[in-house]
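# Breakdown of the fold
If you want the building blocks of each chain, they are given just below.
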There are 2 protein chains.
Amino acid sequence: MVVKVYGPICACAKRVMVCLTEKEVEFEAVPVDIFKGEHKHPEYLKLHPFGVIPVIQDGDYTLYESRAIMRYYSEKYRSQGVELLGKTIEERGRVEQWLEVEAQNFHAPAYNLAIHILFAAPLGITPDLELIEESASKLENVLNIYEERLSKSKYLAGDFFSLADMSHLPFTDYIVNTEKKYLIRDRKHVSAWWDDISNRPSWKKIVELYKPPI
Amino acid sequence: MVVKVYGPICACAKRVMVCLTEKEVEFEAVPVDIFKGEHKHPEYLKLHPFGVIPVIQDGDYTLYESRAIMRYYSEKYRSQGVELLGKTIEERGRVEQWLEVEAQNFHAPAYNLAIHILFAAPLGITPDLELIEESASKLENVLNIYEERLSKSKYLAGDFFSLADMSHLPFTDYIVNTEKKYLIRDRKHVSAWWDDISNRPSWKKIVELYKPPI
């Protein structure tokens, strides 16, 4: 059974696809044109009532929320591909902690930078310059803590690559493609971490295959 | 070894304490006076560099982010107390999905209502009436989807109580103590779900023991 992933050009779907790639699970990308509002069509809303990207279909099992989908496949194929949850319950606790940090602290300002710098034109919105600076400032504070953490361990949850690192890929990739790339590049350990995780063959393949219209 | 939970009067620490109670894990509540800024003191920042509540200490294991802590103890004591992760990998996937929905869709507007209606006075801030109405409107949309979901299953992740329901306890408890309680009470299935989960002895005990200053 091939897993269907809806909305492959969107950042959050890339989280799912890079996870499936690392877990060696075959998938089929199903396009959803968010610029035409297809994620709000009744057929899509049957799969995902909140009308956002992504959702997966795996036989008759449907699941949404990218971080939940990543956890599900990392658990389901625990012994296949790369271990992404840590080896012990304590390591998994650490993975969960940094996944939550990504979701609660990193994501919102990174999302604002992506939307208002990279996607303002295709979305037809006027960039909010105040929000850009406020988001960059928030991200400075968050990344200062990452820098400290990454000076002590190679990856966020410890000395092993995990879902916690993976979850940062799509929006960090956007940031390093803006004038705000210094947020990453001016921090020695964050910059080295980014070089490491963004050079994984799984990520390079997903970025190459599913480009957003910018 | 007794688990230390920092900041028991805060909503997010209550997520952790109700989880520990359901898992029959002994804990000690360590007060942190956020109204005096104790969560920004150097000693606290050593435990939690982001300076927010809660953090736990369990011997030499320290963990922050309430939803990560809940997952850690639900996994560590899988066969003790109430099963909170579902019985199968598919059920756990569903638990993770609704935990993410809570974190990504429910939490922010519910938090805004709590801060600007209940806590404006003790925090010394002027309530932002526009934000209150905007947050209530966002929550209407989210809870309409919950109502549909809860018309089909008794709890969010299925016909079993889980972390997904538990994670909603602290902020829904705030909402039903404001003039915005109709958001919960005007929805038949959401209202019945709230009565069910808020009447669990674990939650009633935590609310009784650790009251915020309102």
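Residues numbered from 1 in each chain as written. Chains lettered and ligands numbered in written order. Predicted model: local features only at pLDDT ≥ 70, side-chain atom pairs only at ≥ 80, totals over all residues. Heavy atoms only, no water.

Rules: UniProt positions are given in the numbering used here, feature names are shortened, and annotations may be inferred rather than shown by experiment.
Going by what an unreviewed UniProt entry lists, chain A is known as glutathione transferase and is assigned to Crotalaria pallida. According to the UniProt record, the Catalytic activity (unreviewed entry) comment for chain A is "RX + glutathione = an S-substituted glutathione + a halide anion + H(+)". As its UniProt record puts it under Subcellular location (unreviewed entry), chain A is described as follows: "Cytoplasm, Cytosol".

### Quick look at the packing of helix 4 (residues 89–118) of chain B against helix 6 (residues 129–150) of chain B
Residue and element names in this part refer to chain B. Defined as follows: Only the stretch in contact is used when a helix axis is fitted, and all axes are lines through C-alpha atoms; the angle between N-to-C directions ranges over 0 to 180 degrees. Strands here mean DSSP runs of E at least two residues long; helices mean DSSP runs of H or I at least four residues long; both are numbered from the N terminus. Here the angle decides the label: under 35 degrees means roughly parallel, over 145 means roughly antiparallel, 65 to 115 means roughly perpendicular, and every other value means oblique. Helix crossings fall into two classes, left-handed where the near helix is turned counterclockwise from the far one by less than a right angle and right-handed where it is turned clockwise. Contacts are assigned to residue pairs with any non-hydrogen atoms lying within 4.5 Å of each other.
For the pair helix 4 and helix 6, the least separation of the axes is 9 Å and the interaxial angle reads 150 degrees. In terms of orientation, helix 4 lies roughly antiparallel with respect to helix 6. The way helix 4 lies across helix 6 gives a crossing that is left-handed. Seen from helix 4, the contacting residues are Arg 94, Trp 98, Val 101, Glu 102, Asn 105, Phe 106, Pro 109, Ala 110, Asn 112, Leu 113, His 116 and Ile 117; seen from helix 6, they are Leu 131, Ile 132, Ser 135, Ala 136, Lys 138, Leu 139, Val 142, Leu 143, Tyr 146 and Arg 149.

### A short note on unusual backbone geometry
Here the amide bond leading from Ile 53 of chain A into Pro 54 of chain A is cis, since omega sits at 0 degrees, within 30 degrees of zero. Its location among the elements puts Pro 54 of chain A in the loop between helix 2 (42–47) and strand 3 (55–58).

### Things to note about the pairing of strand 3 (residues 55–58) of chain B
Residue and element names in this part refer to chain B. As a reminder, the rule being used: Being paired, for any two strands, means DSSP has found at least two bridges between them.
Direction of pairing for strand 1 (residues 3–6) relative to strand 3: antiparallel, over a ladder of two bridges. Bridging across to strand 3, Val 5 finds its partner in Ile 56. Judged from the four bridges that link them, strand 3 and strand 4 (residues 61–64) form a sheet pairing that is antiparallel. Each bridged residue has a counterpart across the sheet, and for Asp 58 the counterpart in strand 4 is Tyr 61. Count of turn residues in the strand 3/strand 4 antiparallel hairpin: two residues, of which Gly 59 carries a positive phi of about 65 degrees.

### Here's the deal with the interface of chain A and chain B
It is common to give the size of an interface as the accessible area that goes away when the parts come together. This is how it is decided: Buried area is calculated as the accessible area (1.4 Å probe) missing from two parts once they are joined, with the contributions of both summed. Put simply, a salt bridge is a Lys or Arg side-chain nitrogen that is within 4 Å of an Asp or Glu carboxyl oxygen. Counting of polar contacts relies on pairs of N or O atoms within 3.5 Å, with two restrictions inside protein: one atom must be capable of donating a hydrogen and the other of accepting it, and residues adjacent in sequence are counted only when both atoms are side-chain atoms.
Listed by partner, the interface residues are 29 residues for chain A and 29 residues for chain B. Buried surface at the junction of chain A and chain B, both sides included, amounts to about 2,800 Å², of which 60% is carbon and sulfur. Where chain A meets chain B, there are six salt bridges. Glu 100 of chain A is the partner of Arg 71 of chain B in a salt bridge, and the nearest nitrogen-oxygen pair spans 2.9 Å. Joining chain A to chain B, the criterion identifies ten residue pairs in polar contact (both at pLDDT 80 or more).

### Some points on the sheet that holds strand 2 (residues 27–30) of chain A
Residues and elements named next belong to chain A. In spatial order, the strands read 2-1-3-4; together these four strands make up an open sheet with mixed pairing. This sheet does not close on itself; its edge strands, each paired only once, are strand 2 and strand 4 (61–64). Across this sheet, the average inter-strand angle for adjacent strands is 20 degrees, counted without regard to direction. Sheet strands in contact with helix 1 (residues 11–22) are strand 1 (3–6), strand 2 and strand 3, and its direction is about 155 degrees off that of strand 1.

### What about the UniProt feature "domain: GST N-terminal" (unreviewed entry) in chain A?
Feature annotation in UniProt places "domain: GST N-terminal" (unreviewed entry) on residues 1–81 of chain A, given in this structure's numbering. Counting secondary structure, residues 1–81 of chain A comes out at 36% helix and 20% strand; the distance between its end C-alpha atoms is 17 Å.

### Things to note about the relation of the copies chain A and chain B
To keep it simple, the criterion reads: Superposing the copies works by least squares over the C-alpha atoms of residues that have pLDDT at least 70 in both of them.
It takes a turn of 180 degrees to lay chain A on chain B, together with a shift of 0.0 Å along the axis; the resulting RMSD is 0.0 Å. Seen this way, the second copy is the image of the first under a two-fold rotation axis. Comparing interface residues between copies, 100% of those in chain A also sit at the interface in chain B, which points to an isologous, same-surface contact.

### Structural notes on the side chain of Ser 135 of chain A
All names here are of chain A. We count it as follows: Burial here depends on accessible area, computed with a 1.4 Å probe over protein chains only, as a share of the maximum for the residue type. Under 20% is buried, over 50% is exposed, and the range in between is partly exposed.
Following the sequence through the fold, Ser 135 ends up in helix 6 (residues 129–150). Judged by relative accessible area, which is 2%, Ser 135 ranks as buried. Looking at Ser 135, its side chain comes within polar contact range of the main-chain oxygen of Leu 131, at 2.7 Å. Discounting chain neighbours no more than four positions away, the residues touching Ser 135 are Pro 109, Asn 112 and Leu 113.

### Some words on helix 11 (residues 201–209) of chain B
Residues and elements named next belong to chain B. We apply this condition: The directions considered for the arc run from the helix axis to the C-beta atoms.
Within helix 11, burial applies to Ser 202, Trp 203 and Ile 206. End-on view of helix 11: buried residues confined to an arc of 90 degrees, all on one side of the axis. Helix 11 presents Pro 201 and Glu 208 as exposed residues on the side facing more than 90 degrees away from its buried surface. Residues of helix 11 that are buried in the fold lie against helix 1 (11–22), strand 2 (27–30), helix 8 (169–175) and helix 10 (188–198).

### Quick notes on the nonpolar core
Defined as follows: Residues belong to one nonpolar core when they are buried, are Ala, Val, Leu, Ile, Met, Phe, Trp, Tyr or Cys, and are joined through side-chain atoms within 4.5 Å.
One finds Tyr 146, Leu 163 and Met 166 of chain A together with Tyr 146, Leu 163 and Met 166 of chain B to be the most contacted residues of the largest nonpolar core, which totals 140 residues. The contacts of Met 166 of chain A, once residues within four sequence positions are left out, are Arg 15, Val 18, Cys 19, Glu 22, Met 70, Leu 84 and Phe 161 of chain A.

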